[in-house]
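Remarks on the overall topology
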Amino acid sequence: MMGHSGKLFPRPTIETAPYWEGCHNHELLIQECKECGHHQFYPRIMCTDCSSPRMEWVPASGKGKVKSFTIMHRAITKAYLAEAPYVIALIELEEGPTMMSNVVQCELKNVEIGMEVEVVFEDWSEEISIPKFKPTSL
C-alpha cells in the first residue's frame, strides 16, 4: 500500500458503497436489474434500460476487452509521477457495461483495442482498493 499518498482517493457514497466494499474484498461488483436482467455500471438508483428501482449488486466475471484507450505521458499530479506513462482505458465487461480503468502489468506498446483483460486490484489504503485490468494472455 506504499506510494499512494497524495492520490485522488474515491469517496464512497450511499449509491457506490457496495461497489467499493466489493473492491475492498477484491471482488468486482456491478448492478443487475431484477426486472429485466440488464447489467449496468456506474452505480445508479434505477435501471438505465427499464427504469425499475429493483437493482441488485452481483459479482462480475472480471473479464472484458479494451474498447478504447489512451496513454498518459504527463502525470496529473506529483503523486502519479512514478506511474507515468500509463494507460487509461475503457473496458467493456463480459456482462455488457463499460468502465474506465487502467491497463497494467504489460508493455504500453502491447495495449490494443480488442485486447482481452481481467481485473486485478491495487490496495491504496486499508479501506480503498482500485480495480485495474491486466491482459489475460501474458
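Residues numbered from 1 in each chain as written. Predicted model: local features only at pLDDT ≥ 70, side-chain atom pairs only at ≥ 80, totals over all residues. Heavy atoms only, no water.

1. Comments concerning the overall build of the protein chain
Inclusion rule: Secondary structure counts use DSSP, requiring at least four H or I residues in a row for a helix and at least two E residues in a row for a strand, with both numbered from the N terminus. Using C-alpha atoms as the atom set, the radius of gyration is obtained and then compared with a globule rule of 2.2 Å times the number of residues to the power 0.38. For every residue, the accessible area obtained with a 1.4 Å probe (protein chains only) is divided by the maximum for its type, and the residue is called buried under 20%, exposed over 50%, and partly exposed between those limits. Should any heavy atoms of two residues lie within 4.5 Å, those residues are counted as being in contact. Using the Shrake-Rupley algorithm and a 1.4 Å probe, accessible areas are obtained, with residue cover drawn only from the displayed protein chains. The convention is simple: Lys and Arg are positive, Asp and Glu are negative, and His and the chain ends are not counted. Taken as the charge centre is NZ of Lys, CZ of Arg, CG of Asp or CD of Glu, depending on the residue.
For the protein chain, the helix and strand inventory stands at 1 helix and 8 strands. The order of α-helices and β-strands along the protein chain, N terminus first, is α-β-β-β-β-β-β-β-β. In terms of C-alpha radius of gyration, the protein chain reaches 16 Å, essentially the compact-globule figure of 14 Å for 138 residues. Evaluated residue by residue, the protein chain yields a buried proportion of 38% over its 138 residues. Sequence-distant contacts, at least 24 apart, represent 53% of the contacts inside the protein chain between residues at least 6 apart. Carbon and sulfur atoms make up 52% of the accessible area of the protein chain, which totals about 8,200 Å². Averaged over its 13 positive side-chain charges, the protein chain has a centre that lies 7 Å from the centre of its 19 negative ones.

2. Looking at the layout of surface pockets
Note the following rule: Cavity: a set of points on a 1 Å grid over the protein atoms alone where a 1.4 Å probe fits but cannot get out. Pocket: an open set with protein on both sides within 12 Å along at least five of seven lines, its lining residues, like those of a cavity, having an atom within 4 Å of a point. Grid points are joined across faces, edges and corners, and a volume is the space filled by probe spheres set on the points.
By volume, the largest pocket amounts to about 760 Å³. Taken together, 29 residues make up the lining of the largest pocket; nearest its centre are Ser101, Asn102, Trp124, Ile130 and Lys132. Going through the elements one at a time, α1 (17-24), β5 (86-93), β6 (98-103) and β8 (129-135) are the ones with two or more residues in the lining of the largest pocket. Looking at the lining of the largest pocket element by element, the count peaks at 5 residues for β6.

3. Topic: the nonpolar core
Note the threshold: By convention a nonpolar core is built from buried Ala, Val, Leu, Ile, Met, Phe, Trp, Tyr and Cys residues, the set being connected through side-chain atoms within 4.5 Å.
Ranked by size, the top nonpolar core spans 26 residues in total, and within it Leu28, Ile91, Met99 and Phe133 carry the most contacts. Those elements giving two or more residues to this core turn out to be α1, β5, β6, β7 (116-123) and β8. If you tally residues by element for this core, the top one is β5, at 4 residues.

4. Details of the pattern of salt bridges
What counts, and what does not: Salt bridge, as applied in this entry: a Lys or Arg side-chain nitrogen positioned within 4 Å of an Asp or Glu carboxyl oxygen.
Counted by the stated rule, this structure contains 7 salt bridges. With a shortest N-O distance of 3.8 Å, Lys134 and Glu118 are connected by a salt bridge. Within this pair, whereas Lys134 is found in strand β8, its partner Glu118 is found in strand β7, the two being separated by 16 residues in sequence. Given a relative accessible area of 23%, Glu118 falls into the partly exposed group.

5. Looking at the sheet that holds strand β3 (residues 55-59)
To be explicit about the condition: DSSP bridges decide pairing: two strands pair if at least two such bridges lie between them.
Taking strand neighbours across the sheet as the criterion, the 3 strands line up as β2-β1-β3 in an open arrangement whose pairing is antiparallel. In this open sheet, the two edge strands, each paired with only one partner strand, are β2 (39-40) and β3. Pairing of strand β1 (residues 29-33) with β3 involves 5 bridges; the strand directions are antiparallel. Bridge pairing in β3 links Leu29 to Pro59.

6. Concerning the state of the cysteines
So the rule is basically this: Any pair of cysteine sulfurs within 2.5 Å is marked as a disulfide.
Counted under the stated rule, the structure contains 0 disulfides. Sulfur of Cys47: no disulfide; nearest cysteine sulfur belongs to Cys36 and is 3.7 Å away. A relative accessible area of 2% places Cys47 in the buried class.

7. Considering the side chain of Gln40
To be explicit about the condition: Under the rule applied, a polar contact is a pair of N or O atoms within 3.5 Å (in protein, one hydrogen donor and one hydrogen acceptor; residues adjacent in sequence only if both atoms are side-chain atoms).
Here Gln40 shows up in strand β2. With relative accessibility at 2%, the residue Gln40 sits in the buried group. One polar contact links the side chain of Gln40 to the main-chain amide nitrogen of Thr48, over a distance of 2.9 Å.

Don't take any of this as a statement about function, it's just geometry.
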